[in-house]
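# Report on the structure
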Amino acid sequence: MVTDRKITIERKNISMILTQSPFFVEEMKGFDSLDVNVITTQGFDQDGSTPVNIYTDDRPMEISGAIYAESTWKMQELRDKLLDLFLPKAELEITHFYGGITRRIKAYAEKTPAFSLTKVSKLQKYKVKLKAADPYWREEKNTLVEMASTKGRFHFPLAIPKKKGVVFGVKSTSKIASVPNRSAVKTGMTITFTAKGSVVNPYVLNIYTRECLKLNCSMEDGQTIVVETGDEKSVTSILSGVTEDYIGYIDIAGGNHTFLELAPGDNVFRYGSEGGENYLAVKFVYSTKYAGV
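Now for a look at the structure at hand. (Residues numbered from 1 in each chain as written. Predicted model: local features only at pLDDT ≥ 70, side-chain atom pairs only at ≥ 80, totals over all residues. Heavy atoms only, no water.)

A separate point is the nonpolar core. I191, F193, V204, I225 and F284 are the most contacted members of the largest nonpolar core, which has 28 residues in total. Of all elements in the fold, only strand 11 (143-147), strand 14 (176-181), strand 15 (190-195), strand 20 (224-228), strand 23 (265-272) and strand 24 (280-286) reach the threshold of two or more residues within this core. Among the elements that make up this core, the one with the highest residue count is strand 24 (4 residues). If you look at the next biggest cluster of nonpolar residues, it comprises 26 residues, including M75, F86, A107 and A109. (Core = buried A, V, L, I, M, F, W, Y, C linked by side-chain atoms within 4.5 Å. Buried < 20%, exposed > 50% of the residue type's maximum accessible area, 1.4 Å probe, protein only. Helix = DSSP H or I, 4+ residues; strand = E, 2+ residues; numbered from the N terminus.)

Before going further, it helps to examine the sheet that holds strand 23. In space, the 4 strands of this open sheet follow the order 14-23-17-18, with antiparallel pairing throughout. The sheet is open, and its two borders are formed by strand 14 and strand 18 (212-214), each paired with just one other strand. Ignoring strand direction, the axes of neighbouring strands in this sheet form an average angle of 25 degrees. With 6 bridges connecting them, strand 14 and strand 23 associate as antiparallel partners. Bridging across to strand 23, V179 finds its partner in N267. (Pairing = 2+ DSSP bridges. Axes fitted to C-alpha atoms, helices over the stretch in contact; angles between N-to-C directions.)

Here the focus is the pairing of strand 23. For strand 17 (residues 203-206) and strand 23, the ladder comprises 4 bridges, and the chain directions are antiparallel. Across the sheet, the residue bridging to N206 is F269, located in strand 23.

The next point concerns the environment of T8. Among the structural elements, T8 can be located in strand 1 (residues 6-11). A relative accessible area of 10% means that T8 is categorised as buried. For the pair T8 and H96, spaced 88 residues apart in sequence, the C-alpha separation works out to 6.7 Å.

This next bit is on the sheet that holds strand 20. Within a sheet, neighbouring strands are paired by backbone hydrogen bonds and run either parallel or antiparallel to one another. Reading across the sheet, the 6 strands line up as 11-24-15-20-21-22 and stay open at both edges, with antiparallel pairing between neighbours. In the strand order of this sheet, the two ends are held by strand 11 and strand 22 (242-245), each with one partner. Put simply, the sheet's adjacent strands are angled 20 degrees from each other on average, direction ignored. Pairing of strand 15 with strand 20, which is carried by 5 bridges, proceeds in the antiparallel orientation. Its bridge partner being in strand 20, I191 is matched across the sheet by V227.

Following this line, the structure appears as structure tokens:
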């Protein structure tokens, strides 16, 4: 069957397409299914059991393929390229394209390429084993949702009316935004607060659940605070090129205060502050997660 499947491996500035001659992919394992652990407990005389925790394991992956070369020195050159790509301890990004859909995942080489000879002298087979600590595939590009951003009005041809001037941009006044999560699983996001003046105690509120992410701090003009709400939670302030850890400014004492995440489906957020709300802008950056390709 003719297929448009394309598998690309990247490591820093090195990129290689394994489905393009002189490389070929014969078999892939672990690209689709996930191993799920269901922890249960069973009481005395209970039929069946009660689930207490469910989690996914790391994603083990395996690629089996072949290399074609006209000479032994060319074959050795191509083998070295594979070995240089799948270095131990190096983070890899795997991009999978099929049926017009592109998804990506980060992984590490668990077993570097092993080569074997075939009956055809110009063909050598290889096998490499990988492991993805985050088992979910993601979209090729992140999704950006901006609130209170400035929309450009500058265009060509440009005509500037006398005594009236021209509007170069208009700031959106909306403080509520819908952030859709097309994934079937909950996902973290990056929330960026930007101050265009003095701002006190900025926050983001989930309209549906009433969960809130709040910072107990004052922001200066030009200051940016970046909040990561995924598995690796962090809060970083950036002002005049100086970065500072702001994790201690997260309000955890109030009811329903938490690191907000995106539930599957539509999520509606409102941003605000206890002072200088009109000087505050907020944006969300996230990536949809998938269980397989």
